[in-house]
Amino acid sequence: MTIYFLSVILSFLFLAIVLELVRHQKLKEQYSLLWILFGVLLFIISLNVRFIETIASWLGVKYAPAMLFLFGLLFCFAFILHLTLVVTKLSNQVLRLTQELTIRKEKESRHGQDD
């Protein structure tokens, strides 16, 4: 079994797993789109051996299948950046909501003491 054939099988399995996670609502659609896109791209790239070998020769990579790992690694970096942005946004929202809740509780306690 060649590495190309293995990458086709693994990318297909990866897509199937992502779709099952979405179907069972264990993965939100907004995040699954990136994973599905990655799986489809990996599947297409795995099917096109000449594309991989052409890019490898342009970049001077001796072992062309290593390009599959490079594509995967670059996707992981992009996805980690995306998740970091989401976490940052959520952290800011939690901080803002906590501050608003504290202000409301303070106003309620002052209002209760005035009575």
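A quick note: this is a predicted structure, and the numbers were derived from the prediction, not measured. (Residues numbered from 1 in each chain as written. Predicted model: local features only at pLDDT ≥ 70, side-chain atom pairs only at ≥ 80, totals over all residues. Heavy atoms only, no water.)

Turning to the packing of helix α2 (residues 29-47) against helix α3 (residues 49-59), a few remarks are in order. For the pair α2 and α3, the least separation of the axes is 5 Å and the interaxial angle reads 90°. Taken together, the axis directions place α2 and α3 in an arrangement best described as roughly perpendicular. Every residue of α3 that contacts α2 at Ile45, Ser46 and Leu47 is listed here: Val49, Phe51 and Ile52. Across the contact of α2 with α3, the residue classes tally to five nonpolar, one polar and no charged. (Axes fitted to C-alpha atoms, helices over the stretch in contact; angles between N-to-C directions. Helix = DSSP H or I, 4+ residues; strand = E, 2+ residues; numbered from the N terminus. Parallel < 35°, antiparallel > 145°, perpendicular 65-115°, else oblique. Contact = heavy atoms within 4.5 Å. Nonpolar A, V, L, I, M, F, W, Y, C, P; charged D, E, K, R; others polar.)

So, about the packing of helix α1 (residues 3-23) against α2. Helix-helix packing: each pair is described by the crossing angle between the helix axes and the interaxial distance. One can describe the packing of α1 onto α2 by two numbers: an axis separation of 9 Å at closest approach and a directional angle of 160°. By the angle class used here, α1 and α2 are roughly antiparallel. Of the two possible hands of crossing, α1 and α2 adopt the one that is left-handed. Listed contacts from α2 to Tyr4, Ser7, Val8, Ser11, Phe12, Phe14, Leu15, Val18, Leu19 and Val22 of α1 are Glu29, Ser32, Trp35, Ile36, Phe38, Gly39, Val40, Leu42, Phe43, Ser46 and Leu47. The class makeup of the residues in the contact of α1 with α2 is 15 nonpolar, five polar and one charged. (Left-handed = near helix turned anticlockwise from the far one by under 90°.)

A surface patch of nonpolar side chains, amounting to about 780 Å² of accessible area, comprises Trp58, Leu59, Leu70, Leu73, Leu74, Phe77 and Ile80. Every element with two or more residues in the nonpolar patch is listed here: α3 and α4 (66-114). Counting residues per element, the nonpolar patch draws most heavily on α4, which supplies five residues. Positionally, tryptophan 58 belongs in helix α3. (Patch = residues over 30% accessible without salt bridge, like charges linked within 9 Å, V, L, I, M, F, W, Y side chains within 5 Å. Areas by Shrake-Rupley, 256 points an atom, 1.4 Å probe, with all protein chains shown as cover. Salt bridge = Lys/Arg side-chain N within 4 Å of Asp/Glu carboxyl O.)

Helical geometry: 3.6 residues make up each α-helical turn, so side chains three or four residues apart lie on a common side. Relative to the 30 Å expected for 21 residues at 1.5 Å per residue, α1 spans 30 Å between its end C-alpha atoms, a close match to the ideal helical length. Every buried residue belonging to α1 is among Tyr4, Ser7, Val8, Ser11, Leu15, Val18 and Val22, and all of these are buried. For α1, the angular spread of buried residues about the axis comes to 105°, placing them on one side. Exposed residues pointing more than 90 degrees away from the buried face of α1 are listed as Ile17 and Arg23. Looking at the residues trailing α1, positive phi occurs at glutamine 25, about 55°. (Expected span 1.5 Å × (residues − 1). Buried < 20%, exposed > 50% of the residue type's maximum accessible area, 1.4 Å probe, protein only. Arc of directions from axis to C-beta.)

Interpretation note: all reported values are geometric properties and have no functional meaning in isolation.
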